[in-house]
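Structural features, examined
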Amino acid sequence: LSDQGHWEQAMVSLDEALAVWRSTGHRHGIAYAQGLRGRLLARMSAFDAGRDELVAASVLHREVGAEGDAAQVSLWLAECYLLAGEPDAALRLLDDGADDESVAAARLRATATWLTGPATDGVGALHAAYRRAGDEAEAYERVCLAEVLAAADPGADDRADDVAPLRTGLGIVRLAVLPVSE
């Protein structure tokens with residue numbers, strides 16, 4: 001729902017899910033809902049609250065042995081740092097999970113590199129991640145990378161025609177991939 005622009009509706013659904021998981025004591029479910037809430041809060045520019053939820057979710061995932069889920073939440077935490085305008089913190093976190101070779105990690109690392117400079121390194125990494133997302137059929141990441149590249153390298157080849165069908169197919173209306181400008 002959040003990529004479709006329905007942030008408030010998504011939050012209501014996540015609050016309800018979290019209440020259910022808490023009432024049953026299902027710790028993995030609690031961690032899952034907290035992680036999604038944290039990501040959504042970050043997208044809504046509630047960075048401190050988002051960070052708190054994401055850290056709590058990561059800790060709980062690790063406590064229940066869900067290391068893969070904890071790694072995913074770490075990517076969302078890096079995204080939260082990027083959105084909050086803290087690319088150095090995002091890079092430190094991504095470096096801690098340096099063995100993550102996912103396209104999502106590549107997007108976040110390239111975006112943070114572009115934001116911290118030198119810009120040419122980041123732009124090159126963004127283009128490489130964009131190509132890789134296409135090669136690996138990662139439609140969501142390809143759309144996210146196109147958004148970042150539109151800001152990082154606006155004079156490059158036009159990606160709008162390439163990603164428009166993906167954006168429509170995924171129902172993406174509203175993405176949060178760059179720091180909120182004041």
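The structure under discussion appears in the preceding block.
Residues numbered from 1 in each chain as written. Predicted model: local features only at pLDDT ≥ 70, side-chain atom pairs only at ≥ 80, totals over all residues. Heavy atoms only, no water.

What to know about the packing of helix α7 (residues 119-135) against helix α8 (residues 139-152)
Convention followed: Axis angles are defined between N-to-C directions and span 0 to 180 degrees, where every axis is a line fitted to C-alpha atoms and, for a helix, only to the segment in contact. The helix and strand labels rest on DSSP assignments: H or I over at least four residues marks a helix, E over at least two residues marks a strand, and numbering proceeds from the N terminus. Between 65 and 115 degrees an angle is taken as roughly perpendicular, under 35 as roughly parallel, over 145 as roughly antiparallel, and anywhere else as oblique. By definition, turning the near helix anticlockwise from the far helix through less than a right angle yields a left-handed crossing, and turning it clockwise yields a right-handed one. Should any heavy atoms of two residues lie within 4.5 Å, those residues are considered in contact.
For the pair α7 and α8, interaxial distance at closest approach is 9 Å and the crossing angle is 155°. Relative to α8, the element α7 is oriented roughly antiparallel. Helix-helix and strand crossings are classified by hand; for α7 and α8 the assignment is left-handed. Residues V123, L126, H127, A129, Y130, R131, A133 and G134 of α7 form the contact with α8, whose own contacting residues are E141, R142, L145, A146, V148, L149 and A152.

Quick look at unusual backbone geometry
Applicable threshold: Burial classification: accessible surface area is computed with a 1.4 Å probe over protein chains only, and a residue below 20% of its type maximum counts as buried, one above 50% as exposed, and the rest as partly exposed.
The phi dihedral of S45 is positive, around 70°, even though this residue is not glycine. Note that S45 resides in the loop between α2 (27-43) and α3 (47-63). Judged by relative accessible area, S45 falls into the partly exposed class, the value being 35%.

Structural notes on the pattern of salt bridges
What counts here: We define a salt bridge as a side-chain nitrogen of Lys or Arg found within 4 Å of a carboxyl oxygen belonging to Asp or Glu.
All told, the structure shown has nine salt bridges when counted by the stated rule. Across the pair E53 and R37 runs a salt bridge whose closest N-O atoms are separated by 2.5 Å. Highlighted residues: E53 in helix α3 and R37 in helix α2, separated in sequence by 16 residues. Among the residues examined, R37 registers a relative accessible area of 13% and is labelled buried. In this structure, the salt-bridge partner of D48 is R51, at a minimum N-O distance of 2.7 Å. A residue pair is termed a helical-turn pair when its members lie 3 or 4 positions apart in one helix, as D48 and R51 do in helix α3 at three residues.

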